[in-house]
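Structure at a glance
These are the residues of each chain, in order.
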Amino acid sequence: MPRSGYEAGLKMIMMMEEQTTNTEKIQEQVLGEILRRNARTEYLRRFLHGQTDLKLFKKNVPIVTYEDIKPYIDRIANGEPSDILLDEPVVQFYRSSGTSGGQPKLIPATAELANKWSISFTLVRSVMTKHFGDLDQAGKRMELMFTGPEIETPSGLKATSVSTSRFKESGFRTILSKLYTSPIETIFCSDTKQSMYCQLLAGLIQREEVVMFGSVFASTVLRAIKFLEDYWQELCSNIKTGQISDWIIDSECRNAASLIMNPNPELAHSIEKICSCKSWEGIIRKVWPKAKYISALTTGVMRQYTTELEFYGGGLPLVSCIYASSEAICGINLEPLSKPSDVFYTFLPNMAYFEFLPMKKDYVTISQDQAQFDGVSHHESEMKTNNEDTEPVDLVNVKPGQCYELLVTTSAGLYRYRVGDILMVSGFHNNTPQFQFVERQNVILSIYVDKTSEADLLKAVTEAKTLLDPLGFILTGFTSYADTSSTPGHYVLFWELKGKEGNNIKELDPKIMLECCSKMEELLNYTYKIHRKENAIAALEIRVVKQGTFVALMDYYVSKGASLSQYKAPSCIKSKEALKILDSRVIGKFFSPKIPM
Ligand code: AMP
């Protein structure tokens, strides 16, 4: 970071210290300002009649989901003035990926919200500088970045992902070539395959300068590694000759990549030597020897990719920087060196007004088990996610160890809005709580009256897959669905496996796979097991899919408009087309052979 940037970073951290100390006051100010500016909007007038009293806000303004405010958002998208919902002009919409649990959503975006995003990125960079030194001076970041499609709403306002709009900012373009390996044209290439190829090519050419390797989510980093596995010979041949492959036909992408290419047989040879090794353990560290860490979110549903990423990372720390959504920026990780299972996010009190709906008490035991995930906790408890009859609490009033559903009120037209995430309080930084991400709500498998949440499922998969360790297999992707095509219905898990040492998955041991099915059932909750015993639910099934299936699934969602940078593999499949993609690639089916205890 140039000196001034470094100083700005320090200032930013000091500001954060102040804000996390004066949490209550800042939160009151944030809400006060939102109400002062928005109380006269059509939406809030219905509940507040033009008043700005904070107590009245809590008494009268309802807790809502996206569906409740969608009619207002649709009206704005169709050309009505945005002051029906918010005072500040809407400059565009953010499109949430919608793959983690629902439909893609349009979220109003304002200049102030964009400014908040850039403040949070600066804060994250400052925290990284504190722990890894001045990366801006040390070299370049190899961050794989992808843009999503931009649609135009009838009002003429554009809608795109948060990351795409970040890449479009002139400030980002200015720093890109100095601080990152990917040329802007490769990021904006709409063909993700050509984009990935060219970004990898650029990162390999500049491999000695790379100080950080990553992408937003762990799954995208792994996709890049898989892509490298498939294309390293071709990439090396391009580097050797200084000529890019003919199939890169996007002219801007091709020109940008060609500009940084010179015939370099020596570099090609050294990469070939590394990539031709039988085991790819530690490949990231070997190919990019100066990388200090891997930046990728490994919390929540991304947790499933940790083992594989650690395998390729060869000891590089995995850093989850930020917890945010298209709706609001919530928190950042002040301890980037903590293990993925211990990551917590410190909330930023000036980003939005936060409220928390307590989850029922017995939810806590489940989630505490989940927090120890990698251990062998067998605590049995029934999960009740119903929190309809509880009152939300403020940011300063949350209790350590308790789980909450997050509500946000923002200056961009969301009032007491359910983000759909469940968080657990893990501690405090000054007077501001820190949260572990527990799960996405409503991602639930259910056949009868059983309810299996994302966290339950992740826990069962995480423990069951350890049975594959002695065979040298890694689970590279999983998802699930409730198959009710026959009676009784049953849970279906799709697993994609890969050999650590290139072992063929045809060597899969059916006995072990059956054990994995049984183990998963044992780890599911009480209601599941009771109804399974009563034959209201049939035996759990694992369908092993061909390698590359989860890439095909990702491609499908990207083709439907999800940005690759924001894509999160769904842990439960609801779409028929997605299911077809999975089912057409099944290479083995295994059913639990016994009733769980
Ligand atoms: P989107 O609006 O498409 O960017 O998706 C936002 C959602 O991604 C959030 O509501 C979370 O469910 C998930 N998410 C974002 N950041 C994290 C994180 N650090 N850990 C786990 N999940 C996250």
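Residues numbered from 1 in each chain as written. Predicted model: local features only at pLDDT ≥ 70, side-chain atom pairs only at ≥ 80, totals over all residues. Heavy atoms only, no water.

1. Here's the deal with unusual backbone geometry
Even without a glycine there, the phi angle at Asn430 is positive, about 50°. Looking at Asn430, the relative accessible area reads 36%, which means it is partly exposed. Its identity as a non-glycine residue notwithstanding, Asn535 has a phi of 60°, on the positive side. Mapped onto the elements of the fold, Asn535 is located in the loop between helix H20 (526-533) and strand S19 (541-545). (Buried < 20%, exposed > 50% of the residue type's maximum accessible area, 1.4 Å probe, protein only. Helix = DSSP H or I, 4+ residues; strand = E, 2+ residues; numbered from the N terminus.)

2. Side note on the pattern of salt bridges
Under the definition given, this model contains 26 salt bridges. Linking Glu33 and Arg36 is a salt bridge whose minimum nitrogen-to-oxygen distance equals 2.9 Å. Taken together, the residues span about one helical turn, with Glu33 and Arg36 both in helix H2 (residues 23-38) at a distance of 3 residues. What makes Glu33 partly exposed here is its relative accessible area of 31%. Here Arg532 ties to Glu521 by a salt bridge, and the two come within 2.5 Å at their closest N and O atoms. Of this pair, Arg532 sits in helix H20 while Glu521 sits in helix H19 (residues 510-523), and the two are 11 residues apart along the sequence. (Salt bridge = Lys/Arg side-chain N within 4 Å of Asp/Glu carboxyl O.)

3. Observations regarding the side chain of Thr549
Here Thr549 is to be found in helix H21 (residues 549-559). A relative accessible area of 0% means that Thr549 is categorised as buried. A distance of 2.5 Å separates a polar side-chain atom of Thr549 from the backbone oxygen of Lys546. In this view, Thr549 contacts Glu496, Ile581, Leu582 and Arg585; residues no more than four positions away in its chain are not counted. (Polar contact = N/O pair within 3.5 Å; in protein donor to acceptor, adjacent residues only side chain to side chain. Contact = heavy atoms within 4.5 Å.)

4. A word on the nonpolar core
In terms of nonpolar packing, the biggest core is built from 149 residues, with Trp288, Phe347, Phe354, Phe356 and Leu406 touching the most fellow members. Considering every element that reaches this core, the biggest residue donor is helix H12 (residues 218-241), with 12 residues. Apart from residues no more than four positions distant in its own chain, Phe356 is found in contact with Phe347, Glu391, Pro392, Val393, Asp394, Leu395, Val398, Tyr404, Glu405, Leu406, Leu423 and Phe435. Formed by 30 residues, the second largest nonpolar core is a distinct cluster that contains Leu458, Cys516, Met520 and Ile537. (Core = buried A, V, L, I, M, F, W, Y, C linked by side-chain atoms within 4.5 Å.)

5. A closer look at the sheet that holds strand S10 (residues 329-332)
The 8 strands lie next to each other as S9-S10-S11-S16-S15-S14-S12-S13, forming an open sheet whose pairing is antiparallel. The strands lining the two open edges of the sheet, one partner per strand, are strand S9 (322-324) and strand S13 (393-394). Here strand S14 (residues 403-409) pairs with strand S15 (residues 417-429) via 5 bridges, running antiparallel. In the strand pairing of S15, Tyr404 is matched with Leu423. Along the sheet, helix H6 (residues 111-132) makes contact with S9 and S10, crossing S10 at roughly 5°. (Pairing = 2+ DSSP bridges. Axes fitted to C-alpha atoms, helices over the stretch in contact; angles between N-to-C directions.)

6. Some words on the sheet that holds strand S5 (residues 158-160)
The strands that make up a sheet are held in pairs by hydrogen bonds between backbone atoms, and each pair lies either parallel or antiparallel. Pairing in this open sheet of 4 strands is mixed, and the strands run S2-S1-S5-S4 from one edge to the other. With partners counted over all chains shown, the strands left at the sheet margins are strand S2 (106-109) and strand S4 (151-152), one partner each. Running at roughly 60° to S2, helix H5 (residues 66-77) makes contact with strand S1 (92-95) and S2 of the sheet.

7. Thoughts on the packing of helix H18 (residues 454-464) against H19
At a closest axis distance of 9 Å, the pairing of H18 and H19 adopts a crossing angle of 140°. Taken together, the axes of H18 and H19 are oblique relative to one another. The element H18 and its partner H19 pack so that their crossing is right-handed. On H19, the residues touching Leu457, Ala460, Val461, Glu463 and Ala464 of H18 are Cys516, Lys519, Met520 and Leu523. Tallied by class, the residues present in the contact of H18 with H19 amount to 7 nonpolar, no polar and 2 charged. (Parallel < 35°, antiparallel > 145°, perpendicular 65-115°, else oblique. Left-handed = near helix turned anticlockwise from the far one by under 90°. Nonpolar A, V, L, I, M, F, W, Y, C, P; charged D, E, K, R; others polar.)

8. Here we look at the domain arrangement of the chain
When its domains are assigned, the chain resolves into domain 1 (3-110 + 326-440), domain 2 (112-318) and domain 3 (444-591). When each unit is reduced to the centre of its C-alpha atoms, the spacing between domain 2 and domain 3 is 29 Å. Taken together, the contact pairs 30 residues of domain 2 with 25 residues of domain 3. Both sides of the domain 2 and domain 3 interface together cover about 2,300 Å² of buried area, and 58% of this is carbon and sulfur. On the domain 2 side of the interface with domain 3, the three residues burying the most area are Arg223, Val301 and Gln304, jointly 27% of the side's total. If you look at where domain 2 meets domain 3, you find 2 salt bridges. Between Arg223 and Asp555 there is a salt bridge whose closest N-O contact spans 2.8 Å. In this assembly, domain 2 and domain 3 are joined by 5 residue pairs in polar contact (both at pLDDT 80 or more). At the level of secondary structure, the elements contributing two or more residues to the side of domain 2 that touches domain 3 comprise helix H8 (162-168), strand S6 (210-217), H12 and helix H16 (306-313). (Domains from an automatic or database assignment. Buried area = accessible area lost by both parts, 1.4 Å probe.)

9. What about H5?
For an α-helix, the turn length of 3.6 residues means that residues three or four places apart are oriented alike. Among the residues making up H5, those that are buried are Tyr66, Ile69, Tyr72, Ile73, Ile76 and Ala77. Seen end-on, H5 carries its buried residues on one side only, within an arc spanning 145°. Contact partners of the buried residues in H5: helix H3 (42-48), S1, S2 and S15. Positive phi shows up at Gly79, right after H5, with a value of about 115°. (Arc of directions from axis to C-beta.)

10. As for the environment of Met554
Topologically, Met554 is positioned in helix H21. Taking the C-alpha atoms as reference points, Met554 and Tyr567, separated by 13 residues in sequence, lie 7.4 Å from one another.

11. Some thoughts on the packing of aromatic side chains
Summed over the entire model, instances satisfying the criterion amount to 26 aromatic pairs. Aromatic side chains Tyr481 and Phe494 sit 6.2 Å apart centroid to centroid with 20° between the ring planes, which places their arrangement in the stacked category. Taken together, the residues Tyr481 in strand S17 (residues 473-483) and Phe494 in strand S18 (residues 490-499) connect sequence positions 13 residues apart. Each member of the pair Tyr481 and Phe494 is classed as buried. Where Tyr491 meets Tyr528, the ring centres are 4.8 Å apart and the plane angle is 50°; that geometry is what we call tilted. Of this pair, Tyr491 sits in strand S18 while Tyr528 sits in helix H20, and the two are 37 residues apart along the sequence. Given a relative accessible area of 0%, Tyr528 falls into the buried group. These aromatic residues form a ring-pair network of at least three members: Tyr323, Tyr345, Phe347, Phe354, Phe356, Tyr404, Phe435 and Phe437. (Phe/Tyr/Trp six-rings, centres within 6.5 Å; stacked < 30°, edge-to-face > 60°.)

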